[in-house]
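Each chain, letter by letter, is given below.
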Amino acid sequence: MTQNYDAIIVGGGLIGLSTAYGLVRRGHSCLVLDASDTDFRAARGNFGLVWVQGKGTGFSAYADWTMRSSELWPELRDELQEQNGQSLGLEQEGGLHICLSQAEFDSRKESLDLLRSHQNGRFSYEMLDRKALLDMQPDLGPDVVGGSWCPHDGHVNPLYLLRSLHDCLLKKGGSVIVDAKVSAITYQQSLFDVTSTQGRFYAPRLILAAGLGNRTLAPMVGLEQPVRPQKGHILVTQKTDKLIKLPMTQLRQTAEGSIMIGDSKEEVGFDISSSADVTAQIASRAQRTLPALKNQHIIRSWAALRVMSPDGNPIYDQSASHPGAYAITCHSGVTLAAAHCFDLASDIEAGCLGIGLQPFSERRFHVPA
Ligand SMILES: Cc1cc2nc3c(=O)[nH]c(=O)nc-3n(C[C@H](O)[C@H](O)[C@H](O)COP(=O)(O)OP(=O)(O)OC[C@H]3O[C@@H](n4cnc5c(N)ncnc54)[C@H](O)[C@@H]3O)c2cc1C
């Protein structure tokens, strides 16, 4: 048994590629094993927000981690763009969450006040009444009562991000093998022996980043990843003049001019079929927010599956029984790409998840309430 690589990463989505790129840029040889196009792939169907407001309410470690990633994002953008010349379309000039009733407004305020209270002033936001909101985003519909604004939020083209990570990983000497579904992992003499449909590979470090596939793979290295699918629909309009100034939780305009409208949250298992009822609800809310949207044609729509843990927060774990094995899942892999590339990869290089990631262990689900 000979070591082929310093690290094997299972899963070529945003988590796998950002972590692998982070290791390769530190000089480690990495192999990404990714299964097939027929898999459920969150990285190819998401909304593209780099989003801070609302993340980590009641879980301050997640709020800190999200903020950290948002701060690192310009560095990641500059590094990737410099290497392959592809603009990622990153804008971080703040974002809005729109409230269509007083009840929504009050509940939003309560939740963000809680978030701010445990962030020692690091997280800033403002609740805006309708008039103040109109100064930021004209042409809002009459149902909009107000909303929240957060200066840390932004958005990016998530497909350009995925491609750039992939290209830059290869440029720095990393390897990616596709159609390589991993079916077995054993551990002997400090090496992981990973069996895939493209052969067997060996490395002293193993990072499981297979999204929903982590549920099956994690027990092979003594870990648990109790993730479930949660369906989200997205609608895309034709390209149009600038209608949206700042990204919103459910609406954003891409650098090219399309408007993306999202995103539902459905507990329907492994089902990515489109539902007319759900898309109609999404379109209706979008039109109540911005009535000018009624003149736009929807040219594409899809549904994709989020990788959701029991409490909705990420899971980062390191195996005690299989030293060198890590398992990672989250449902904000765009936002966290910068933290994965810089900080998570640095922790993995050091051989230990940092103190800030300790609260994310799956063990939190076993603590009696
Ligand atoms: C509708 C929707 C909207 C979203 N919006 C946002 C957003 O605005 N901002 C944000 O930050 N995040 C958003 N997300 C979440 C984000 O897309 C994910 O967190 C991110 O893509 C990370 O995914 P991943 O790498 O864990 O998983 P995936 O992208 O699912 O990748 C997992 C990979 O593992 C491979 N795989 C699975 N099993 C195996 C196996 N046995 N062997 C080898 N390979 C395997 C799969 O083929 C796949 O390529 C959204 C997600 C959805 C679905």
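Everything here concerns the structure above.
Note that the coordinates shown come from a computational prediction; the quantities given were computed from them, not determined experimentally. (Residues numbered from 1 in each chain as written. Predicted model: local features only at pLDDT ≥ 70, side-chain atom pairs only at ≥ 80, totals over all residues. Heavy atoms only, no water.)

Draft legend 1. Region of interest: the overall build of the protein chain. Tallying secondary structure elements over the protein chain gives eight helices and 18 strands in all. A globule of 369 residues ought to have a C-alpha radius of gyration of about 21 Å, and the protein chain, at 21 Å, matches this closely. The dimensions of the protein chain, computed from C-alpha atoms along their principal axes, are 70 × 45 × 40 Å. Within the protein chain, contacts between residues separated by at least 24 positions form 74% of all contacts whose residues are at least 6 apart in sequence. Accessible surface computed for the protein chain: about 15400 Å², of which carbon and sulfur atoms make up 50%. (Helix = DSSP H or I, 4+ residues; strand = E, 2+ residues; numbered from the N terminus. Rg over C-alpha atoms; globule rule 2.2 N^0.38 Å. Contact = heavy atoms within 4.5 Å. Areas by Shrake-Rupley, 256 points an atom, 1.4 Å probe, with all protein chains shown as cover.)

Draft legend 2. Representation of the sheet that holds strand 17 (residues 315-318). Spatially, 8-2-1-12-18-17 is the arrangement adopted by the six strands of the open sheet, whose pairing is mixed. Either end of the sheet is taken by a strand with one partner, and the two such strands are strand 8 (175-177) and strand 17. Strand-to-strand twist across the sheet, computed as the mean angle between neighbouring axes with direction ignored, equals 15°. Where strand 1 (residues 7-10) lies against strand 2 (residues 30-33), four bridges are found, and the strand directions are parallel. Residue valine 10 lies in a different strand from strand 2, and its bridge partner there is leucine 33. Sheet strands touched by helix 1 (residues 14-24): strand 1, strand 2, strand 12 (205-208) and strand 18 (325-329). Its angle to strand 2, the strand with the most contacts, is close to 170°. (Pairing = 2+ DSSP bridges. Axes fitted to C-alpha atoms, helices over the stretch in contact; angles between N-to-C directions.)

Draft legend 3. Broad picture of the pattern of salt bridges. Here the structure, examined in full by the defined rule, presents 18 salt bridges. Put simply, arginine 228 and glutamate 267 hold a salt bridge, and the shortest N to O gap is 2.8 Å. With arginine 228 in strand 13 (residues 228-239) and glutamate 267 in the loop between strand 15 (258-261) and helix 7 (276-289), this pair connects stretches of sequence that are 39 residues apart. A relative accessible area of 47% places glutamate 267 in the partly exposed class. The network of salt bridges with shared partners includes Asp34, Asp37, Arg41 and Arg44. (Salt bridge = Lys/Arg side-chain N within 4 Å of Asp/Glu carboxyl O. Buried < 20%, exposed > 50% of the residue type's maximum accessible area, 1.4 Å probe, protein only.)

Draft legend 4. Just the packing of aromatic side chains, in detail. A full pass over the atoms with the stated rule returns seven aromatic pairs. Residues tryptophan 65 and tyrosine 316 carry aromatic rings whose centres are separated by 5.8 Å and whose planes lie at 90° to one another, so their mutual orientation is edge-to-face. With tryptophan 65 in helix 2 (residues 60-84) and tyrosine 316 in strand 17, the pair connects residues that are 251 residues apart, well separated along the chain. Per residue, the accessibility class of tryptophan 65 equals that of tyrosine 316, and both read buried. Grouping aromatic residues by their ring pairs yields a cluster made of Phe59, Tyr62, Trp65, Tyr316 and Phe360. (Phe/Tyr/Trp six-rings, centres within 6.5 Å; stacked < 30°, edge-to-face > 60°.)

Draft legend 5. Looking closely at the environment of alanine 339. One can find alanine 339 in helix 8 (residues 337-350). Residue class for alanine 339 comes out buried when judged on its relative accessible area of 0%. Between the C-alpha atoms of alanine 339 and glycine 22, which are 317 residues apart in sequence, the distance is 9.4 Å. The residues touching alanine 339, leaving out its near neighbours within four places in the chain, are Trp65, Ser69, Leu72 and Leu344.

Draft legend 6. Geometry of the sheet that holds strand 11 (residues 199-203). What the three strands build is an open sheet, ordered 9-10-11; its pairing is antiparallel. Two strands close off the open sheet at either side, each with one partner strand: strand 9 (182-188) and strand 11. Taken pair by pair, the neighbouring strands of this sheet meet at an average axis angle of 20°, ignoring direction. As judged from the five bridges shared by strand 10 (residues 191-196) and strand 11, these two strands associate in the antiparallel manner. Along strand 11, the bridge assignment pairs aspartate 193 with tyrosine 202.

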